[in-house]
Amino acid sequence: MMVSFRAIGNSLHVVNILNIALYGLLLYKYGNDANAGVVFDEEWLKEGFCLPHEERNFRTTHDLSGYLMVALASMGFLIHGYLRHQAEKEGRNTSMAPADQLTFWALIGALGHAAGHFIISNAKRHEFYPPSDERFIDDLMRSTLPEAIMKAGPGYPLFWIPLVKTYMMNTARDRVALLALVFQFGIFFVPVKFAFSYTQAVLFGGMSIDQLLMGRKEKGFEYAFWPLLTVIPNSIFAWVESTTCTSGFVMKHHGHIVYDFYMVSSYIVFYVVCWIRMKYFVTKQKSM
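This write-up is about the structure you can find in this document. Since this is a predicted model, take the numbers as computed values, not measurements.

1. Quick notes on the side chain of aspartate 63
- Relative to the elements of secondary structure, aspartate 63 occurs in helix α3 (residues 61-89).
- Here threonine 60 takes part through its side chain, which lies 3.0 Å from a polar atom of the side chain of aspartate 63.
- Every residue in contact with aspartate 63, bar those within four places of it in the chain, is listed here: Phe58, Phe118, Ser121 and Arg125.

2. Brief notes about the pattern of salt bridges
- Throughout the structure, instances matching the rule amount to 11 salt bridges.
- Between aspartate 133 and lysine 193 there is a salt bridge; the shortest N-O distance is 2.8 Å. Placement of aspartate 133 in the loop between α4 (97-125) and α5 (136-142) and of lysine 193 in the loop between α8 (173-187) and α9 (195-212) is noted, with a sequence separation of 60 residues between them.
- Since its relative accessible area comes to 5%, lysine 193 is described here as buried.
- Residue aspartate 138 is joined to arginine 135 by a salt bridge in which the shortest nitrogen-to-oxygen separation is 3.1 Å.

3. Notes on the packing of aromatic side chains
- Applying the stated criterion across every chain yields a total of 21 aromatic pairs.
- Judged by centre distance (5.3 Å) and plane angle (70 degrees), the rings of tyrosine 167 and phenylalanine 204 are edge-to-face. Within this pair, whereas tyrosine 167 is found in helix α7 (residues 155-167), its partner phenylalanine 204 is found in helix α9, the two being separated by 37 residues in sequence. Here the two residues tyrosine 167 and phenylalanine 204 agree in accessibility, since each one is buried.
- Members of the aromatic cluster, each reached through a chain of ring pairs, are Phe5, Phe221, Phe225, Trp226, Tyr267 and Phe270.
- Lying across the ring of tyrosine 30, lysine 29 places its NZ or CZ 5.6 Å from the centre.

4. Overview of the packing of α7 against α8
- Packing of α7 against α8 leaves a shortest axis separation of 9 Å and a crossing angle of 115 degrees. Once α7 is placed against α8, the crossing between them reads as right-handed. Where α7 approaches α8, its residues Gly155, Tyr156, Trp160, Ile161, Val164 and Lys165 are matched on the opposing element by Val176, Ala177, Ala180, Leu181, Phe183, Gln184 and Ile187.
- Residues belonging to the contact of α7 with α8 are distributed by class as follows: 10 nonpolar, two polar and one charged.

Parameters at a glance
Numbering of residues starts from 1 in every chain and runs along the sequence as written. Where local features are concerned, this predicted model is filtered to residues with pLDDT of at least 70; where side-chain atom pairs are given and counted, the filter is 80 or more; whole-chain, interface and lining totals use all residues. Excluded from the side-chain calculations are hydrogens and water; all other atoms, namely the structure's heavy atoms, are used. Secondary structure elements follow DSSP: runs of H or I of four or more residues count as helices, runs of E of two or more count as strands, with numbering from the N terminus. Pairing of N or O atoms within 3.5 Å defines a polar contact, subject to two protein rules: one partner must be a possible hydrogen donor and the other a possible acceptor, and residues neighboring in sequence count only if both atoms are side-chain atoms. Should any heavy atoms of two residues lie within 4.5 Å, those residues are considered in contact. In the sections that follow, a salt bridge refers to a side-chain nitrogen of Lys or Arg positioned within 4 Å of a carboxyl oxygen of Asp or Glu. The buried label applies to any residue whose accessible area, calculated with a 1.4 Å probe on protein chains only, is under 20% of its type's maximum; exposed applies above 50%, and partly exposed to all values in between. Only rings of Phe, Tyr and Trp enter the pairing, Trp through its six-membered ring, and a pair is recorded when the two centres are within 6.5 Å. The plane angle decides the type: under 30 degrees is stacked, over 60 is edge-to-face, the rest tilted. In this scheme, Lys NZ or Arg CZ marks a charge over a ring once it lies within 6 Å of the ring centre and within 35 degrees of the ring normal. Lines fitted to C-alpha atoms define the axes here, with helix axes fitted over just the stretch in contact, and angles between the N-to-C directions of these axes take values from 0 to 180 degrees. Left-handed describes a crossing in which the near helix is turned anticlockwise from the far one by less than a right angle; the clockwise case is right-handed. Throughout this entry, Asp, Glu, Lys and Arg are counted as charged residues, while Ala, Val, Leu, Ile, Met, Phe, Trp, Tyr, Cys and Pro are counted as nonpolar. The remaining residues, Gly among them, count as polar.

Here it is, written out as structure tokens:
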């Protein structure tokens with residue numbers, strides 16, 4: 001008996017949620033200097049990233065990750081647009097609808113991710129970024145009211161709402177707005193150095209919940225292939241980065257850039273594979 005795409009997708013999304021819970025629990029217990037090296041790499045614990053290029057002005061790891069993600073996302077939009085146009089010309093665009101939605105919103109999310117790297121890099125460059133061990137709420141409490149509004153206010157409409165929507169594309173906008181508010185409130189109580197880990201956890205966790213709540217008939221090939229190619233490997237890269245920042249060759253020399261490179265590349269590969277499947281398998285099957 002063959003396992004259905006729905007069962008595969010459901011299993012992978014549940015694994016993702018459980019992995020996020022484990023990661024968060026271990027980070028809460030061992031994410032401090034006293035436990036450096038027990039689970040997480042000592043260097044990674046300083047910033048919450050592997051950052052081997054910090055001495056280069058405008059070419060830090062954050063800058064390079066941002067440049068790379070913008071370039072890959074732009075290429076992804078071009079490939080997505082071209083292949084979608086080809087499908088429309090052949091009258092096959094309906095078969096590509098699930099892949100279209102997943103890929104388009106993921107590429108938008110990649111641009112938001114890149115913007116986050118540029119914001120961090122700029123804040124560090126101008127010494128506006130809080131100390132890594134400090135919580136955002138502590139920094140806000142020391143700030144004047146106008147400063148606190150400038151630091152926290154724009155993030156809700158410009159970062160959290162659009163980014164949550166890109167990951168939870170099937171969720172109604174009013175619920176997205178509420179979740180974005182909850183997520184932003186939560187990050188205020190997280191140490192600055194773990195802000196990225198927190199953000200990725202709530203976004204990828206939210207995405208898996210959003211996908212699991214889809215109707216049975218909507219859970220086809222794309223539903224199973226998406227977490228297999230993008231979600232689970234990204235979670236593996238998160239573990240690799242946080243535990244081998246100085247001991248592993250790849251992370252020691254390239255750092256967080258590897259995580260971002262795979263993330264956006266996987267979106268492009270996902271769409272191309274879905275298009276090839278649609279063109280050479282799905283349509284042939286329908287014509288038989």
